Amino acid sequence: MKITDWNLFWTAFGAIGGTLGAFATLLAVIVALWQTKYENRKRLKLSKLESIKVTDTSTGHVEKEFVAVKVCNIGNRAVSIKSWGFKATHKENILLLPDSSPLAMAIQPSLPYRLETEESINLVYDKSLFDKLVKRSCQDGTFKPRRKIKIWVADSTGACYYTKTPFSAQYYSSAASK
């Protein structure tokens, strides 16, 4: 009689161990699949809007001033940058079209641009035009003067990446008045 009781115990113990092993294997597969997806995702890092002055090296005279957003690919796969602009309201975006002046073309590559892993580019826009755009947008209610402006960059799949300007819209708007 005692032998049968031990057989039942070891059978139950083996069944419980087998079930726990199956769950552990399932969990390991799920984690491995998630890690693969996580590692291969697209990731862009946007730095805040900053001013870039282009000067003539022979005279030292400032030729033109731009605002720029640096876009770095920190993911593990290439990303195609399609467009960029500013978030006006929850439903509205302002698309910035590339500057076709020779100076701007020399600074910024044309879009769409394939950004390889660990590579970065600067997206530039004429500062005086930017300041006027912000001033007009503050006046017509598109931008709230005390809020920072949200910058977006879109890739070829339509995914958007965001950052905010270091100053409020009012700061850039007042620069247009000068």
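Anything mentioned here points back to the structure above.
Sorry if this is basic, but what is going on with the overall build of the protein chain here?
Along the backbone of the protein chain there are 4 helices and 9 strands. When the elements of the protein chain are put in sequence order from the N terminus, they spell out α-β-β-β-β-β-α-β-β-α-β-β-α. The globule rule puts the C-alpha radius of gyration for 178 residues at 16 Å, and the 27 Å found for the protein chain is more than 25% above it. Taken along the three principal axes of its C-alpha coordinates, the protein chain extends 105 × 40 × 25 Å. Out of the 178 residues in the protein chain, the part that is buried amounts to 31%. A separation of at least 24 residues holds for 66% of the contacts in the protein chain among residues at least 6 apart in sequence. For the protein chain, the exposed area adds up to about 11,900 Å²; of that, 58% sits on carbon and sulfur atoms. Charge-centre separation for the protein chain: the mean point of 26 positive side chains lies 9 Å from the mean point of 15 negative side chains.

How do you make sense of the nonpolar core when you look at a structure like this?
One finds V71, W84, F86, F130 and F143 to be the most contacted residues of the largest nonpolar core, which totals 29 residues. Mapped onto this core, the elements with two or more residues apiece are β1 (44–46), β3 (62–73), β4 (79–87), β7 (120–126), α3 (127–139), β8 (148–155) and α4 (169–177). V54, F66, A68 and V124 belong to the second-largest nonpolar core, a separate cluster that totals 5 residues.

It is not clear to me how unusual backbone geometry should be interpreted in this structure. Could you clarify?
Among all residues save glycine, negative phi is the norm, and among peptide bonds the norm is trans. With omega at 0°, the peptide bond leading from L111 into P112 counts as cis. Its place among the elements puts P112 in the loop between α2 (102–107) and β6 (113–115). With phi around 60°, E118 is a residue other than glycine that occupies positive phi space. If you trace the backbone, E118 turns up in the loop between β6 and β7. Of the residues examined, E118 reaches a relative accessible area of 76% and is grouped as exposed.

When you look at the side chain of S168 in this model, what are you seeing that I'm missing?
Among the secondary structure elements, S168 is positioned in strand β9 (residues 160–168). On the basis of relative accessible area, S168 is assigned to the buried category, the value being 19%. Residues within four places of S168 in sequence aside, it is in contact with P145, R146, R147 and K148.

Mind showing me how you'd approach the state of the cysteines here?
Working definition: the covalent bond between the sulfur atoms of two cysteines is a disulfide. Summed over the entire model, instances satisfying the criterion amount to 0 disulfides. Not engaged in a disulfide, the cysteine C72 finds its nearest cysteine sulfur in C160; these two sulfurs lie 18 Å apart. According to the relative accessible area criterion, C72 is partly exposed, its value standing at 22%.

How should a nonpolar patch on the surface be read in this particular structure?
There is a patch of nonpolar side chains on the surface, built from W6, F9, W10 and F13 and spanning about 520 Å² of accessible area. Its location among the elements puts W10 in helix α1 (residues 2–39).

Conventions adopted
Residues numbered from 1 in each chain as written. Predicted model: local features only at pLDDT ≥ 70, side-chain atom pairs only at ≥ 80, totals over all residues. Heavy atoms only, no water. Helix = DSSP H or I, 4+ residues; strand = E, 2+ residues; numbered from the N terminus. Rg over C-alpha atoms; globule rule 2.2 N^0.38 Å. Buried < 20%, exposed > 50% of the residue type's maximum accessible area, 1.4 Å probe, protein only. Contact = heavy atoms within 4.5 Å. Areas by Shrake-Rupley, 256 points an atom, 1.4 Å probe, with all protein chains shown as cover. Lys, Arg positive; Asp, Glu negative; His and termini not counted. Charge placed at Lys NZ, Arg CZ, Asp CG, Glu CD. Core = buried A, V, L, I, M, F, W, Y, C linked by side-chain atoms within 4.5 Å. Disulfide = S-S within 2.5 Å. Patch = residues over 30% accessible without salt bridge, like charges linked within 9 Å, V, L, I, M, F, W, Y side chains within 5 Å. Salt bridge = Lys/Arg side-chain N within 4 Å of Asp/Glu carboxyl O.

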